[in-house]
Amino acid sequence: MTNSPPVDALENSPELALIASILAGDREKFHLLIRPYETQLYRTAVALLKNEADAEDVVQDAVLKAYRKLASFRGDSKFSTWLIAITLNEARGRLRRDNRAAVDSIDELREGNTDYTPAPLTDWREVPLAMLERQEIRALVQKAVSELPDSYREIVTLRDVEELSVNDTASLLGISISSVKVRLHRARMMLQKKLAPQLKMVAAPQRKRRLLGRLPWF
Amino acid sequence: MVLNCRHVWEHISEYIDGTLDPQVRADVERHLAHCEICSAIIDATRNIIILTADDRVFELPIDFSKRLHARIDEFLQHEHPEPG
C-alpha cells in the first residue's frame, strides 16, 4: 500500500481517474465514485448486523471514512474490496460495542464439537428463485443468516451474499484460505439444516418446476 | 476410494464451489450417482446458496441512497480527504 498506482492503471481505470480528480479537489465526484457500491455495502452491513437502522448508520460512517482515507487507496486491490474492508471493520466495531463477542465464541466451540448431519431431503430440487417474490421466504433466509454465529455470518456474507472470491475473503478477514473453506462449509451446512426443511414446507403448495432443465446442474 | 454418506457431507461446500481435488471429486460423484439422499442434500444446499445471493433477500431500505448522499453532501462541505 505504499506505491502509487502505475500511470497505465490510472489511464485505464475510470475509477482511479475519478479518485485522482477527487483528491485534486473535485470533491463532488465522490458521489459518483460511491454510487455503484452502495447496495453491496448495505447488504454486507445488514447481513452482519441483522438490523436495518444499524446497517444504514454503518454504511454512512464507512463511506465517510473512505472519503477521509481516500488518499490511502493505491489501486493495488479493487476499490470495492477496499470499501467492503472499511464497512466490515465498522460493522465489527459496532458488534463489539454491543458486547456480543463472548456469546459468539461459546457458540462456535459448541458447533465445532458437533457432528453435523444435514437435513435429509429427497425431493427439494427446484431452483426456488420465484419463491423470493414472497416476503415470507425472504424473511426465512434473512433469519437463518442472522442466527449464524458472527464469524460464520461474516463468511456467508462475504462469500455467498457478496460473492467475493475465497482469496479476497481470506484477506479481508485476515484468516487463511483453509479457514475460509472450513468456516464456509460449516456455515452453509448450518443454513442447509435450518432452511431446507422450512423452505420445502412453504414451497410445497406451489411447486414450480419450469426452471428445471434450463440450468446446467439439473 | 469408496465414500460413505458422512464422508460426502464433509465435501459438500467445496464440491459446490468446484474446488475439490479431482480425485476426491470423482469419488464424490461416484457416490452421488447412486445416492439419492446425498444428491438431494447437495441440490438443497446449492439452492440455499443461490437464494442467499439474491438481491431481494437483503433489500435496500426506501430512500437509503437519498439519505446516504445527503450525508455525503453535508460532509463534503467541510471535510477534505486526509493527505496520503
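Bear in mind that the values here come from a model prediction, so they are computed numbers and not experimental data.

**So, the overall build of chain A**
Okay, so step 1: Regarding its fold elements, chain A presents 11 helices and zero strands.
Okay, so step 2: Looking at chain A residue by residue over its 218 residues, the buried ones come to 35%.
Okay, so step 3: For chain A, the share of sequence-separated contacts (at least 6 apart) that also reach a separation of at least 24 residues comes to 70%.

**Some words on unusual backbone geometry**
Okay, so step 1: In this structure, Glu163 of chain A takes a positive phi of about 60 degrees despite not being glycine.
Okay, so step 2: Residue position: Glu163 of chain A is located in the loop between helix 9 (150–161) and helix 10 (166–173).
Okay, so step 3: Residue class for Glu163 of chain A comes out exposed when judged on the 12 C-beta atoms lying within 10 Å of it.
Okay, so step 4: Here the phi dihedral of Asp63 of chain B falls at roughly 65 degrees; this positive angle occurs in a residue that is not glycine.

**With respect to the environment of Ile177 of chain A**
All names here are of chain A.
Okay, so step 1: Residue placement: Ile177 occurs in helix 11 (residues 177–203).
Okay, so step 2: The class for Ile177 is partly exposed, based on 14 C-beta atoms found within 10 Å.
Okay, so step 3: Along the sequence, Ile177 and Val166 sit 11 residues apart, while their C-alpha atoms lie 6.5 Å from each other.
Okay, so step 4: Apart from the residues within four sequence positions on either side, Ile177 is in contact with Val166, Asn167 and Ala170.

**Focus on the domain arrangement of chain A**
Interface size, as often reported, equals the accessible area lost upon joining of the parts.
Residues and elements named next belong to chain A.
Okay, so step 1: Taken domain by domain, chain A comprises domain 1 (7–97) and domain 2 (101–206).
Okay, so step 2: Of the residues lining the interface, 12 residues belong to domain 1; the matching set on domain 2 comes to 11 residues.
Okay, so step 3: Contributing elements (two or more residues each) for the side of domain 1 that touches domain 2: helix 4 (38–49) and helix 6 (79–97).
Okay, so step 4: Split by residue class, the side of domain 1 that touches domain 2 holds six nonpolar, three polar and three charged.

**Describing helix 4 (residues 36–53) of chain B**
Okay, so step 1: Look at helix 4 of chain B: 26 Å from first C-alpha to last across 18 residues, which is about the 26 Å you get at 1.5 Å a residue.
Okay, so step 2: Buried within helix 4 of chain B we find Cys38, Ile41, Ile42, Asp43, Ala44, Thr45, Asn47, Ile48, Ile49, Leu51 and Thr52 of chain B.

**A word on the confidence of the model for chain A**
All names here are of chain A.
Okay, so step 1: Scored by pLDDT, chain A has a mean of 80; 72% of the residues are at 70 or more.
Okay, so step 2: For the stretch residues 106–114, pLDDT sits under 50, and the model shows five contacts to residues farther than four places along the chain or on other chains.
Okay, so step 3: Throughout residues 205–218 the model reports pLDDT below 50, and contacts reaching past four residues in sequence, or to other chains, amount to 11 contacts.

**Quick look at the environment of Ala55 of chain A**
Residue and element names in this part refer to chain A.
Okay, so step 1: Summarising the element assignment, Ala55 is placed in helix 5 (residues 52–68).
Okay, so step 2: In the structure, Ala55 is positioned 19 residues away from Arg74 in sequence and 27 Å away in space, judged by C-alpha atoms.
Okay, so step 3: In this structure Ala55 touches Tyr42, Ala45, Val46 and Leu49, once residues within four positions along its chain are discounted.

**Quick look at the interface of chain A and chain B**
Okay, so step 1: Taken together, the contact pairs 53 residues of chain A with 38 residues of chain B.
Okay, so step 2: When residues of the side of chain A that touches chain B are traced back to their parent elements, those giving at least two are helix 3 (30–34), helix 4, helix 5, helix 8 (135–146), helix 9 and helix 11 of chain A.
Okay, so step 3: For the side of chain A that touches chain B, the element with the most residues is helix 11 of chain A, which contributes nine residues.
Okay, so step 4: Considering only residue class, the side of chain A that touches chain B consists of 30 nonpolar, eight polar and 15 charged.

**Quick word on the nonpolar core**
Residues and elements named next belong to chain A.
Okay, so step 1: The biggest cluster of nonpolar side chains holds 67 residues, and the ones touching the most others in it are Ala45, Leu49, Val59, Val63, Val141, Ala187 and Leu195.
Okay, so step 2: Each of domain 1 (7–97) and domain 2 (101–206) gives at least three residues to this core.
Okay, so step 3: For Ala187, the residues in contact, after removing those within four places along its chain, are Leu148, Tyr152, Ile155 and Val156.

**Here's the deal with the packing of helix 9 of chain A against helix 10 of chain A**
In a pair of packed helices, the angle between the axes and the distance between the axes together describe the arrangement.
Residue and element names in this part refer to chain A.
Okay, so step 1: Closest axis-to-axis distance for the helix 9/helix 10 pair is 9 Å, and the angle between their directions is 140 degrees. Overall, the two elements helix 9 and helix 10 adopt an arrangement that is oblique. Judged by the sense of rotation from one axis to the other, the crossing of helix 9 with helix 10 is right-handed. Listed contacts from helix 10 to Glu154, Ile155, Leu158 and Arg159 of helix 9 are Thr169, Leu172 and Leu173.
Okay, so step 2: Among the residues making up the contact of helix 9 with helix 10, the classes are represented as four nonpolar, one polar and two charged.

**Brief notes about the confidence of the model for chain B**
Okay, so step 1: Chain-level statistics for chain B give a pLDDT mean of 91 and a share of 100% at 70 or above.
Okay, so step 2: Scoring of the predicted complex yields 0.80 for pTM and 0.90 for ipTM.

**As for the environment of Asp150 of chain A**
Residue and element names in this part refer to chain A.
Okay, so step 1: Within the secondary structure, Asp150 is located in helix 9.
Okay, so step 2: Exposure remark for Asp150: the 19 C-beta atoms within 10 Å place this residue in the partly exposed category.
Okay, so step 3: A C-alpha to C-alpha distance of 22 Å links Asp150 and Ile137, two positions 13 residues apart in sequence.

Definitions and cut-offs
Throughout, residues of each chain are indexed from 1 in the direction in which the sequence is written. Following the order in which they are written, the chains are lettered starting with A and the ligands numbered starting with 1. Residues qualify for local features only when their pLDDT is at least 70, as the model is predicted, and side-chain atom pairs are given and counted only at 80 or more; totals for whole chains, interfaces and linings, by contrast, use all residues. Per the convention used, a helix needs a DSSP run of H or I reaching at least four residues, while a strand needs a run of E reaching at least two, with both numbered from the N terminus. In this scheme every C-beta is placed from the backbone, and a residue whose C-beta has 20 or more other C-beta atoms within 10 Å is buried, one with 12 or fewer is exposed, and one in between is partly exposed. Here, residues touch in the contact sense if the C-beta positions derived from the backbone fall within 7 Å of one another. Start and end points for every domain follow an automatic or database-based domain assignment. Under the grouping applied here, Gly and all other residues not named as nonpolar or charged are polar, the nonpolar ones being Ala, Val, Leu, Ile, Met, Phe, Trp, Tyr, Cys and Pro and the charged ones Asp, Glu, Lys and Arg. Multiplying one less than the number of residues by 1.5 Å gives the expected span of a helix. Per-residue confidence from the prediction method is given by pLDDT, with values spanning 0 to 100. Only buried residues count toward a nonpolar core: Ala, Val, Leu, Ile, Met, Phe, Trp, Tyr and Cys, linked into one set through C-beta atoms within 7 Å. Lines fitted to the C-alpha atoms define the axes, with helices restricted to the stretch that makes contact. Angles between their N-to-C directions range from 0 to 180 degrees. Oblique is the label for any angle not under 35 degrees, not over 145, and not in the 65 to 115 range, which are roughly parallel, roughly antiparallel and roughly perpendicular in turn. Each crossing gets its handedness from the near helix: less than a right angle anticlockwise from the far helix is left-handed, clockwise is right-handed.

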